[in-house]
Amino acid sequence: MLIVSQDKRSIVNLEQVAIININRSDLREIEAFFDCNEDNQNSILLGKYATEERAKEVLQEIINCYLGEAMVECSGYICYEMPEN
C-alpha cells in the first residue's frame, strides 16, 4: 500500500515502514519511521492535524484502507492520500 503525504511531496510504501505513529512531542503529527528506532532521523511527516483526536481518526482510516477499504487504486497499488484536515 502506498501513502501520499499531506503536502503531496512524499509517497511512502507501507511495506518499507516499521512504525506509523502520532508524534509524542506534538500529538497532532503523524509520522512514518523506516526502522524500529524512533530516535533516528529516518522518518517522514505524513500529516499534521488540528487535534490529537483527528490524528487518531486518520490512523484508523489508514488501517481501514489497509484492510481493504482503499480510497484509490492505481496500477495494482492501493493508495491512501493523507487528508488535509
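All right, on to the confidence of the model for the protein then. Looking at the protein as a whole, the pLDDT averages 87, with 84% of positions reaching at least 70. Looking across the protein, the model is least confident in strand S6 (residues 72-74), with a mean pLDDT of 60, and most confident in strand S5 (residues 43-48), with 95.

In this structure, Lys8 takes a positive phi of about 65° despite not being glycine. Within the secondary structure, Lys8 sits in the loop between strand S1 (2-4) and strand S2 (11-13).

Pairing in this open sheet of 3 strands is antiparallel, and the strands run S3-S4-S5 from one edge to the other. Edge positions in the open sheet fall to strand S3 (19-22) and S5, since each of these has one partner strand only. Averaged over all adjacent pairs, the angle separating strand axes in this sheet is 20°, with direction ignored. The sheet strands contacting helix H1 (residues 52-66) are S3 and strand S4 (29-33), and the helix crosses S3 at an angle near 155°.

Per the counting criterion, the structure on display carries 7 salt bridges. Notably, a salt bridge pairs Lys48 with Glu29, separated by 3.7 Å at the nearest N-O pair. Of this pair, Lys48 sits in strand S5 while Glu29 sits in strand S4, and the two are 19 residues apart along the sequence. Of the residues examined, Lys48 reaches a relative accessible area of 34% and is grouped as partly exposed. Here Arg54 and Glu57 are joined by a salt bridge, their closest N and O atoms 3.3 Å apart.

This brings us to the side chain of Glu31. Inspection of the secondary structure puts Glu31 in strand S4. Within the buried core, Glu31 has no salt-bridge partner, and the shortest N-O distance to an opposite charge, that of Arg24, equals 8.1 Å. Aside from chain neighbours lying at most four places away, what touches Glu31 is Ile19, Ile20, Asn21, Asn23, Ser43, Ile44, Leu45 and Leu46.

We now examine a nonpolar patch on the surface. A grouping of Ile63, Tyr66 and Leu67 is seen on the molecular surface, where their side chains present a nonpolar patch of about 360 Å² in accessible area. With relative accessibility at 41%, the residue Ile63 sits in the partly exposed group.

With that out of the way, let us pick up the environment of Asp35. Mapped onto the fold, Asp35 is located in the loop between S4 and S5. What makes Asp35 partly exposed here is its relative accessible area of 27%. Along the chain, Asp35 and Ile19 lie 16 residues apart, while their C-alpha atoms are 7.3 Å from each other.

So, how was this worked out
Residues numbered from 1 in each chain as written. Predicted model: local features only at pLDDT ≥ 70, side-chain atom pairs only at ≥ 80, totals over all residues. Heavy atoms only, no water. pLDDT = per-residue confidence, 0-100. Helix = DSSP H or I, 4+ residues; strand = E, 2+ residues; numbered from the N terminus. Pairing = 2+ DSSP bridges. Axes fitted to C-alpha atoms, helices over the stretch in contact; angles between N-to-C directions. Contact = heavy atoms within 4.5 Å. Salt bridge = Lys/Arg side-chain N within 4 Å of Asp/Glu carboxyl O. Buried < 20%, exposed > 50% of the residue type's maximum accessible area, 1.4 Å probe, protein only. Lys, Arg positive; Asp, Glu negative; His and termini not counted. Patch = residues over 30% accessible without salt bridge, like charges linked within 9 Å, V, L, I, M, F, W, Y side chains within 5 Å. Areas by Shrake-Rupley, 256 points an atom, 1.4 Å probe, with all protein chains shown as cover.

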